[in-house]
Amino acid sequence: IAKKRGQTLAPMAIARTLRDPRVTTALIGASRWSQIEESLGALEDLAFTAEELDQIDQYAVDSGSNLWEASSRDV
């Protein structure tokens, strides 16, 4: 999904987090400057199609619990 968006997984995950209007800050961890630059790339594409969100929701599941279910419904 990230490759189709022209991103790596980290910026896509950050963009997915930042699209929620309840989120005012996303904390990132980095040990190298290149990781910070990569993470900042998330700001270049914060828009997601409904299809992309549906695809992400298929994989954003932990132990049978959909991690994004509530935020996907509310936004």
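Presented here is a report on the structure given in the accompanying data block. All values derive from a computational prediction rather than experimental measurement. (Residues numbered from 1 in each chain as written. Predicted model: local features only at pLDDT ≥ 70, side-chain atom pairs only at ≥ 80, totals over all residues. Heavy atoms only, no water.)

## Regarding the overall build of the chain
Part 1 of the argument: A tally of regular secondary structure across the chain gives 5 helices and 2 strands.
Part 2 of the argument: For the chain, the succession of helices and strands along the chain, N to C, is α-α-α-α-β-β-α.
Part 3 of the argument: Per-residue burial for the chain yields a buried fraction of 25% across its 75 residues.
Part 4 of the argument: Taking the intrachain contacts of the chain between residues at least 6 apart in sequence as the baseline, contacts between residues at least 24 apart amount to 67%.
Part 5 of the argument: Accessible surface computed for the chain: about 5300 Å², of which carbon and sulfur atoms make up 54%. (Helix = DSSP H or I, 4+ residues; strand = E, 2+ residues; numbered from the N terminus. Buried < 20%, exposed > 50% of the residue type's maximum accessible area, 1.4 Å probe, protein only. Contact = heavy atoms within 4.5 Å. Areas by Shrake-Rupley, 256 points an atom, 1.4 Å probe, with all protein chains shown as cover.)

## Observations concerning the packing of aromatic side chains
Part 1 of the argument: On inspection of all chains with the given rule, the structure shows 0 aromatic pairs.
Part 2 of the argument: When the ring centre of Phe48 is taken as reference, the NZ or CZ atom of Arg5 above it lies at 3.8 Å. (Phe/Tyr/Trp six-rings, centres within 6.5 Å; stacked < 30°, edge-to-face > 60°. Lys NZ or Arg CZ within 6 Å of the ring centre and 35° of its normal.)

## Things to note about the environment of Lys4
Part 1 of the argument: Relative to the helices and strands, Lys4 resides in helix H1 (residues 2-5).
Part 2 of the argument: Relative accessible area serves as the criterion here: at 75%, Lys4 is assigned to the exposed category.
Part 3 of the argument: Taking the C-alpha atoms as reference points, Lys4 and Glu52, separated by 48 residues in sequence, lie 9.6 Å from one another.

## Concerning the environment of Leu43
Part 1 of the argument: Note that Leu43 resides in the loop between helix H3 (33-40) and helix H4 (50-59).
Part 2 of the argument: A C-alpha to C-alpha distance of 9.4 Å links Leu43 and Met12, two positions 31 residues apart in sequence.

## Side note on the pattern of salt bridges
Part 1 of the argument: Evaluated as defined, the whole model comprises 4 salt bridges.
Part 2 of the argument: When the shortest N-O distance is used, the salt bridge between Arg5 and Glu52 registers 3.0 Å. Of the two residues, Arg5 sits in helix H1 while Glu52 sits in helix H4, which places them 47 residues apart along the sequence. Each member of the pair Arg5 and Glu52 is classed as buried.
Part 3 of the argument: Asp57 is paired through a salt bridge with Arg16; the nearest N and O atoms lie 4.0 Å apart. In this pair, Asp57 sits in helix H4 while Arg16 sits in helix H2 (residues 9-18), placing the two residues 41 residues apart along the sequence.
Part 4 of the argument: Using a relative accessible area of 13% as the deciding quantity, one classes Asp57 as buried.
Part 5 of the argument: Salt bridges linked by common partners bring Arg5, Asp45 and Glu52 together as one network. (Salt bridge = Lys/Arg side-chain N within 4 Å of Asp/Glu carboxyl O.)

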